[in-house]
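Summary of the model geometry
Take a look at the letters that make up each chain.
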Amino acid sequence: MKGRIVSLAAGSQPDSRSATQYRMLSRLFRERLTREMAFSMVSCVHCGACAQACHYALARAHDPCMTPAYKADQIRRMFNRNMNWICRILSGRLNAGTSAADADMERLRDIVFGACTGCRRCTFNCPIGVDNAALIRFTRGILTEMGVVPEGLSNASRNQWLSGNQMSVTEEEFFDSLDWIKAELQYELGVGDLDILVDKKDCDIIYAVNPREIKYDPHSLMNAAKLFYLAGESWTLPRYGWDQTNFGLFSGDDRLGAFMAGNLYRAAERLRARRIVVSECGHGYRSVRWEGYSWANNQQTIPTESVVETVMRYLIEGRIKVDRLRNTGSVTFHDSCNVARYGGLVEEPRWVLKQVCSDFREMYPNGVNNFCCTGGGGLLTMPEYRPLRLEVARIKADQLKVTEADTVCTMCHNCRDGLGDLIDHYQLNMKVVQVMDLVAEALVLPPGNEGNINE
Ligand code: SF4
Ligand code: SF4
């Protein structure tokens, strides 16, 4: 991977597909350019402030190719070569990109998919308002359309198109997992009336999950089912449209974004649900709560929230009781970029954590200034970029170490895996959990519901 990153510097050789790709690239630039993108294309003054914001640039301070401005400049070279008529005529003299450099799609792919998690920290730190993260996603979308996309990302996207979920979970697997969760919970709580309903009409909540909760990690969904049962909630999962994740966000493909978010919106409409709740997933939250409504051109007619906000409501309304002494270890919180910086949820998870843990400690910087877990932007599905990802994860590892906490908590499945990976790599003495794990541990069961909880 180190060799590959060295090749991010401009000037690689053209490949045989150049002419066709060049024409396609020109067309896609013309068709997709928005006013916001055009602004970011032309407004950078190269002050360098964003270099201090990016974990890639900070961890590889010796490598100018890792600065957000450099990465965006590689996109600008393409833009100038294709969109600016002066540059089209005088491209060589203006260093706007030669046809050879323009044709080097793979180099651009390694930049926009392999050297940026789309965390948007650079955008927040640009005095001009240049949105490098949006430029990166815009370019990912163009490369995806051209088929120049990492295989892992492409496979997960294809799964979503074909099966409606990123892991191609079949209906049989879906119902098997629900049956198993139901049986476990009935035993744990010693109750027979706990159910997990699918496609039930007129519920207060339609709940959407990350497919890993069905395929690999049923405890997340189990925690939610337990919470809903104790709160006396009327809720359902949809038979189709239950995957709240969205590879359209990572690949830059707004049509996939619209398809996936639209599946859930249509399910909510069909089942006449009164609220959409998504499990703990950063990019899923951003996709369903914010971006999806515009991708799918859908009016938001019912509230949409994260399950962490649901927990907060229940606690305020007195629908559940918790005991913070059930979680006595030291806990710090990692803000997912998609939840905090893009989604504006900063205080809510902290409020909940302070109710369910007795030793909560902040990590710095935090909230909208937090550093990425380094697994964002779909990076976990692209093993070819793992060495670089773990190298630049040093910034996050240092941040975690200073807290001296036993546990880092996050409200995102993706961050959980990203953090777990770097904790192993840097041999930190720390475990990773999600907010709902700590909530489930702290839940006080009403008399009669203790069942077999201690077994
Ligand atoms: S901070 Fe903004 S203006 Fe300065 S180099 Fe970065 S993108 Fe360009
Ligand atoms: S979006 Fe994040 S990872 Fe990408 S260039 Fe900006 S700061 Fe770096």
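Figured I'd write up the structure that's included with this text. (Residues numbered from 1 in each chain as written. Chains lettered and ligands numbered in written order. Predicted model: local features only at pLDDT ≥ 70, side-chain atom pairs only at ≥ 80, totals over all residues. Heavy atoms only, no water.)

The secondary structure content of the protein chain amounts to 23 helices and 8 strands. Here the protein chain holds 455 residues, and 58% of them are scored as buried. Considering only residue pairs separated by 6 or more positions, the protein chain has 80% of its internal contacts joining residues 24 or more positions apart. When the accessible area of the protein chain is evaluated, it comes to approximately 18,600 Å², of which 50% is carbon and sulfur surface. (Helix = DSSP H or I, 4+ residues; strand = E, 2+ residues; numbered from the N terminus. Buried < 20%, exposed > 50% of the residue type's maximum accessible area, 1.4 Å probe, protein only. Contact = heavy atoms within 4.5 Å. Areas by Shrake-Rupley, 256 points an atom, 1.4 Å probe, with all protein chains shown as cover.)

Around ligand 2, the structure places Cys54, His55, Tyr56, Pro68, Lys71, Cys116, Thr117, Gly118, Cys119, Arg120, Cys122 and Ala133. Secondary-structure elements contributing two or more residues to the shell around ligand 2 are helix H4 (55-59) and helix H5 (68-83). Class assignment of the residues belonging to the shell around ligand 2 gives a composition of 7 nonpolar, 3 polar and 2 charged. (Near = heavy atom within 4 Å. Nonpolar A, V, L, I, M, F, W, Y, C, P; charged D, E, K, R; others polar.)

The next point concerns the site of ligand 1. The environment of ligand 1 is made up of 13 residues, and the closest members are Cys44, Cys47, Gly48, Cys50 and Cys126. When grouped by side-chain class, the residues that make up the shell around ligand 1 number 10 nonpolar, 3 polar and no charged.

To continue, consider the packing of aromatic side chains. The geometry of an aromatic ring pair comes down to the distance between the two centres and the angle between the two planes. One pass over the structure, following the stated rule, counts 9 aromatic pairs. On the numbers, 5.9 Å between centres and 35° between planes, the contact of Phe29 with Phe138 is tilted. In this pair, Phe29 sits in helix H2 (residues 18-32) while Phe138 sits in helix H10 (residues 132-146), placing the two residues 109 residues apart along the sequence. For the pair Phe174 and Phe175, a centre-to-centre distance of 5.4 Å together with 80° between the ring planes defines the contact as edge-to-face. (Phe/Tyr/Trp six-rings, centres within 6.5 Å; stacked < 30°, edge-to-face > 60°.)

This paragraph deals with the environment of Ala393. Within the element layout of this structure, Ala393 appears in the loop between helix H20 (386-392) and helix H21 (394-403). Residue classification places Ala393 among the buried positions, given a relative accessible area of 0%. Note: C-alpha distance between Ala393 and Phe371 (22 residues apart in sequence) is 9.5 Å. Leaving out residues up to four positions away in the same chain, Ala393 has contacts with Thr374, Leu422 and Tyr426.

Across the sheet, which stays open at both edges, the 4 strands sit in the order S2-S1-S3-S4 with parallel pairing between neighbours. Two strands bound the open sheet, and with one partner strand each, they are strand S2 (235-236) and strand S4 (304-306). As judged from the 2 bridges shared by strand S1 (residues 205-208) and S2, these two strands associate in the parallel manner. Counted as the bridge partner of Ile206 is Thr236 from S2. Its contacts with the sheet place helix H17 (residues 282-295) against strand S3 (276-278) and S4, and it is angled at close to 155° to S4. (Pairing = 2+ DSSP bridges. Axes fitted to C-alpha atoms, helices over the stretch in contact; angles between N-to-C directions.)

This part covers the pairing of S1. Where burial is concerned, the two faces of S1 agree: the one with Ile205 and Tyr207 and the one with Ile206 and Ala208 are both buried. Pairing of S1 with S3, which is carried by 3 bridges, proceeds in the parallel orientation. Looking at the pairing, Tyr207 lines up with Val277 of S3.

The final tally for this structure, using the stated rule, is 32 salt bridges. Ionic pairing is found between Arg212 and Asp417, a salt bridge with its closest N-O pair at 2.5 Å. Here Asp417 lies in helix H22 (residues 413-425) and Arg212 lies in helix H13 (residues 212-215), a separation of 205 residues in the sequence. Judged by its relative accessible area of 14%, Arg212 is buried. A salt bridge links Asp335 to Arg350, with the nearest nitrogen and oxygen atoms 2.7 Å apart. With Asp335 in the loop between strand S5 (330-334) and helix H19 (347-356) and Arg350 in helix H19, this residue pair connects regions lying 15 residues apart in the sequence. Comparing Asp335 with Arg350 shows no difference in burial state: the two are buried. Salt bridges sharing partners connect three or more residues here, namely Arg32, Glu145, Asp253 and Arg255. (Salt bridge = Lys/Arg side-chain N within 4 Å of Asp/Glu carboxyl O.)

Further remarks concern unusual backbone geometry. Across the junction of Tyr364 and Pro365, the peptide omega takes the value -10°, indicating a cis bond. Following the sequence through the fold, Pro365 ends up in the loop between strand S6 (359-361) and H20. The backbone of Arg120 sits at a positive phi, close to 75°, despite the residue not being glycine. On the secondary structure map, Arg120 appears in the loop between helix H8 (105-112) and helix H9 (121-124). We note that Thr374 has phi near 80°; this positive angle belongs to a residue other than glycine.

The next thing to look at is the nonpolar core. Of all hydrophobic cores here, the largest spans 66 residues; its most connected members are Tyr207, Leu227, Leu237, Ile276, Ile320, Leu353 and Val435. Among the elements that take part in this core, helix H14 (residues 218-231) stands out by supplying 8 residues, more than any other. Counting residues domain by domain, this core receives three or more from each of domain 2 (161-316) and domain 3 (320-442). Sequence-distant contacts of Ile276, defined by excluding residues within four places in its chain, comprise Ile206, Leu264, Tyr265, Ala268, Val288, Tyr293, Ile302, Pro303, Thr304 and Glu305. Membership of the second largest hydrophobic core comes to 46 residues, among which are Leu25, Cys54, Ile136 and Leu143. (Core = buried A, V, L, I, M, F, W, Y, C linked by side-chain atoms within 4.5 Å. Domains from an automatic or database assignment.)

As summarised here, the arrangement of the 4 strands in space is S6-S5-S7-S8, forming an open sheet in which the pairing is parallel. Every interior strand has two partners, whereas the edge strands, S6 and strand S8 (431-434), have only one. For this sheet the average axis-to-axis angle between neighbouring strands, irrespective of direction, equals 35°. In this sheet, strand S7 (residues 407-410) lies alongside S5 in parallel orientation, the contact comprising 4 bridges. If you follow Thr332 over to S7, its bridge partner there is Val408. Along the sheet, H22 contacts S5, S7 and S8; its crossing angle with S8, the most-contacted strand, is approximately 175°.

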